[in-house]
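Notes for the structure review
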Amino acid sequence: MAISPPPQRIWWNLPVARSEIIWVIVAFTWGLVMFSAMVYWHMEGEQNLSNEAYRITPEAFAEKTNAMVEQYQVREESGIPVVHPPPGSDVYLIARLWQWWPIIEFEKGQSYRLHLSSMDWLHGFSLQPVNINLEIHPGYDMVITVTPSESGEFGVICNEFCGIGHHNMIGKIYVTE
Amino acid sequence: MSDFNHRVCPATGLRIHKSAENLIKANAFVSIVFLAVGGLFGLLVALTRWPGVHLLPADWFYLALTAHGLDVLLVWIIFFEIAVMYFASAVLLNSRLATPRWAWAGFVLMIIGAATTNVAVLQGNSSVMFTSYVPMQAAPHFYLGLILFAVGALIGCFVFFGTLVVAKDEKTYKGSIPLVTFGAMVAAIIAVFTIASGAIVLIPTFLWSLGLIGNIDSLMYRTVWWAMGHSSQQINVAAHVSIWYMVAAVVLGARPLSEKVSRGAFLLYILFLQLASAHHLLADPGLSSEWKIFNTSYAMYLAVLGSMIHGMTVPGSIEAAQRARGFTSGLFGWLRNAPWGNPAFSAMFISLVTFGFLGGISGVVMGVEQINLIIHNTIYVPGHFHATVVLGTTLAFMAATYLLIPLIFQRELIMKKVAMWQPYLFGIGVTGISVFMMGAGTLGVPRRHWDISGADSMFKFDFPGAAYLMMGLNGMFAILATLGGIMFVVVVVGSLLFGKRTGDKPLEGLTMTTVAEFGDAEHPKIPGTIVLVGVFFVSFILYYFVNWKYLAEVWPLR
Ligand code: HEM
Ligand SMILES: [Cu+2]
Ligand SMILES: [Cu+2]
């Protein structure tokens, strides 16, 4: 029994039942398939993280964001600037207690280099209802190249706990046709 | 043999030493107290996340969630694991426990540590969640309590290793250690690695909270924290898989199909475990994809392979034992005629099935580097781990408790009917919690979040009605789960206080004699298990590819 020493002293030489061997082989092969799938998706799939990231101070990141806002602001909503940067450009989004700043307007089908960083604690970038979720750190400038494939108004929820105002940290992204 | 105070177990003939027995009792009892406390916090959390109820105010919600994670994930599970380790070493090896004094010292440290951290949380300035990610800061004694707790647990591991050595020296058993002890040893080895990682991350964080260290990098913190946090889950898996084997042996006299395969599967846990902390970091900046892919798959899914092997060998050994006892009709006669009225068995079997189907499959899927993008930090994540750590680990520990009560506490269960239904009610409740949190997560609902309606927020986002519905259902099933938990605590505590002493009577419901003496060379007839494993495998493949399809629908990212 499993709660007593193996009855045969030399248990490691005993043959193994066929059904067990087959399952080990099948399960191992399935592991290889799943492993290859991740590699394959990097080559052929459309949704991958570039893992491009730079160290940056919150001040430096804020400065870049401010510069972008000055250049591309088109209007304001509840005191938060809305920017409409040109396709292909570098776009900055600040996460801080407890807001996403600014509001960004993308054009559908165009690509942008979106930079994300936190001014203080960890935050979670959760684009809804698309459902793209990223961990946002202070001190790291995370760059993803996104291509919005649908137009409309999207929510940016914070889904990394960041203190008592965490649930109020909702931002916006627009995608125009 | 140096011997003081022991009795002979009427069921197993094993010599049970008083010192080991008392330590097992103390650790098991304290663990259950914390399960009760932590479980009630869980109910408060779930009722708050039920949009129609929204019970607690925000600050209390985050406090309760922090307390819930700490008390159940750390305190309940680790205290119980210490009891399991002492049982698997001293009792199963027929030995005395090495250095009971140290074991008591560890026990006291763990209690002081758990109490200190709980006090810090209840004081209200440490609602940082059990992960306590920097730069958010808790009160210094929050971290200090965790450190003391970990030191106590480390002492427990060394007492366990010491007992293995004592038993070997004093020749209290013949041949190799039993499979269950081997599994516990795997858990203990992983625990040492885990606690070392914990020290590396928590000691500097403690110093930082005192102002002695200036700054801790948040990415480094998460990387090392999860080297601890993930490995500790592998301890849980090793421990609860050992308990599956143990319950199958004690209740049905099952013996492993092949010692070699089962032990090999346990070894895979040790060899590939620390790699897995990567699956918590898949959506983090600053790590390369090569690193993420290799590590999140634990070097090509070799630790997953270990669990898939146990997923066949545990039910296979049960089937073989049942068939050997004459339950041979059809594919599933052995299963229909299993002792479903014995809570030790039913809890164990529900644990096995739900851990595999719900916890295992969802865990692998969300650990895929790219698929994690659509799951990270949504409430899918708690959905997944309530299937692993509650259905898998907690329910298996409940099964073990139903055996410890007669074997170690020497009491009969009271309220046998309540005990009989308890695993089902708890199992259904937690299955509901898991499934509905996972469902809400696929709709983007965030975890650790007080109000998804955004009522106080400048901007709003409207989650679909289905998300609200599922969070409501989550609350309802949380009530069922809590009832199941209360039944467990009442039966256990009631039995310890008022159960009939079993004395030296043989125990009913326990087989304790090996029924299936088939040699490994023969082909065990386990067609029912093969069908079950086939169903599992097909579900796994389907669910895996469905999620790739979901991923393919989101905005292209490079
Ligand atoms: C009555 C039983 C239980 C209920 C109703 C319950 C319910 C919940 C709910 C609703 C959440 C919150 C999800 C969120 O807002 O992010 C949660 C979190 C959690 N639960 Fe449970 N749970 C129960 C038992 C357990 C047990 C037994 C364990 C561990 C063995 C456990 C471990 C956890 C952990 C680790 C978290 C995460 C805390 C965090 O995000 O910091 N739960 N639970
Ligand atoms: Cu935030
Ligand atoms: Cu947040």
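Calculation notes
- Residues numbered from 1 in each chain as written.
- Chains lettered and ligands numbered in written order.
- Predicted model: local features only at pLDDT ≥ 70, side-chain atom pairs only at ≥ 80, totals over all residues.
- Heavy atoms only, no water.
- Pairing = 2+ DSSP bridges.
- Helix = DSSP H or I, 4+ residues; strand = E, 2+ residues; numbered from the N terminus.
- Axes fitted to C-alpha atoms, helices over the stretch in contact; angles between N-to-C directions.
- Near = heavy atom within 4 Å.
- Polar contact = N/O pair within 3.5 Å; in protein donor to acceptor, adjacent residues only side chain to side chain.
- Nonpolar A, V, L, I, M, F, W, Y, C, P; charged D, E, K, R; others polar.
- Phe/Tyr/Trp six-rings, centres within 6.5 Å; stacked < 30°, edge-to-face > 60°.
- Buried < 20%, exposed > 50% of the residue type's maximum accessible area, 1.4 Å probe, protein only.
- Lys NZ or Arg CZ within 6 Å of the ring centre and 35° of its normal.
- Core = buried A, V, L, I, M, F, W, Y, C linked by side-chain atoms within 4.5 Å.
- Domains from an automatic or database assignment.
- Contact = heavy atoms within 4.5 Å.
- Donors = N, O, S within 2.8 Å, 3.2 Å for Na, K, Ca; no water.
- Tetrahedral: all angles 85-135°; square planar, octahedral: opposite > 155°, others 65-115°.

This next bit is on the sheet that holds strand β5 (residues 99-101) of chain A. All names here are of chain A. Reading across the sheet, the 5 strands line up as β1-β10-β7-β4-β5 and stay open at both edges, with mixed pairing between neighbours. With one partner strand each, in any of the chains shown, β1 (52-55) and β5 form the two edges of the open sheet. Neighbour-to-neighbour, the strand axes of the sheet open up by a mean angle of 25 degrees, direction not taken into account. In this sheet, strand β10 (residues 140-146) lies alongside strand β7 (residues 112-118) in antiparallel orientation, the contact comprising 5 bridges. Bridged to arginine 113 within β10 is threonine 145.

Here we come to the site of ligand 1. Residues and elements named next belong to chain B. Around ligand 1, a shell composed of 26 residues is seen, among which Arg49, His68, His386, Arg447 and Arg448 lie nearest. At 2.7 Å from a nitrogen atom of ligand 1 is found a side-chain nitrogen or oxygen belonging to histidine 386. In the model, an oxygen atom of ligand 1 is placed 2.9 Å from a nitrogen or oxygen of the arginine 447 side chain. Counting residues per element, the ones that place at least two in the shell around ligand 1 are α1 (18-49), α2 (58-91), α12 (380-407) and α14 (465-498). No other element matches α2, which puts 7 residues into the shell around ligand 1. Of the residues in the shell around ligand 1, the class split is 16 nonpolar, 7 polar and 3 charged.

Bringing the packing of aromatic side chains into the picture now. Given two aromatic rings, one states the distance between the centres and the angle between the planes to describe the pair. One pass over the full model with this rule turns up 41 aromatic pairs over all chains. Centroid distance tryptophan 30 of chain A to tyrosine 544 of chain B: 5.2 Å. Interplanar angle 75 degrees. Geometry classified as edge-to-face. Of this pair, tryptophan 30 of chain A sits in helix α1 (residues 18-44) while tyrosine 544 of chain B sits in helix α15 (residues 527-552), placing the two residues on different chains. When its relative accessible area of 0% is taken as the criterion, tyrosine 544 of chain B is described as buried. Taken together, a centroid distance of 5.8 Å and an interplanar angle of 65 degrees make the contact between phenylalanine 130 of chain B and tryptophan 225 of chain B edge-to-face. With phenylalanine 130 of chain B in the loop between α3 (100-123) and α4 (140-169) and tryptophan 225 of chain B in helix α6 (residues 218-252), the pair connects residues that are 95 residues apart, well separated along the chain. This pair shows no difference in class: phenylalanine 130 of chain B is buried, exactly as tryptophan 225 of chain B is. Of the aromatic side chains, those joined through ring pairs into one cluster are Trp23, Trp30 and Trp41 of chain A together with Phe357, Phe536, Phe537, Phe540, Tyr544, Phe545 and Trp548 of chain B. Lying over the aromatic face of tyrosine 133 of chain B, arginine 222 of chain B brings its terminal NZ or CZ to 4.9 Å of the ring centre. Looking at arginine 263 of chain B, its charged tip hangs above the ring of phenylalanine 182 of chain B, at a distance of 5.3 Å from the centre.

This brings us to the nonpolar core. Among the nonpolar cores identified, the biggest contains 265 residues, and Phe125 and Leu134 of chain A are the most heavily contacted of them. Top contributing element to this core by residue count: α2 of chain B, with 24 residues. Taken domain by domain, this core gets at least three of its residues from each of domain 1 (16-44) and domain 2 (52-176) of chain A. Once you skip the residues sitting within four places of it in the chain, leucine 134 of chain A turns out to touch Leu49, Leu116, His123, Gly124, Phe125, Met142 and Ile144 of chain A together with Ala283, Leu373 and His376 of chain B.

Moving on, we get to the coordination of the iron atom of ligand 1. Residue and element names in this part refer to chain B. Looking at the iron atom of ligand 1, the protein donor atoms are His68 (NE2) and His386 (NE2), and they sit 2.0 Å from it. The coordination sphere of the iron atom of ligand 1 comprises 6 donor atoms, whose angles at the metal cover 86 to 179 degrees; the geometry is octahedral. Separated by 318 residues along the polypeptide, histidine 68 in helix α2 and histidine 386 in helix α12 bring together distant segments of the chain. Histidine 386 shares its class with histidine 68; the two are buried.

All right, on to the side chain of glutamate 259 of chain B then. Counting through the fold element by element, glutamate 259 of chain B comes out in helix α7 (residues 259-272). Here the side chain of glutamate 259 of chain B touches arginine 263 of chain B through a polar contact of 2.8 Å, side chain to side chain.

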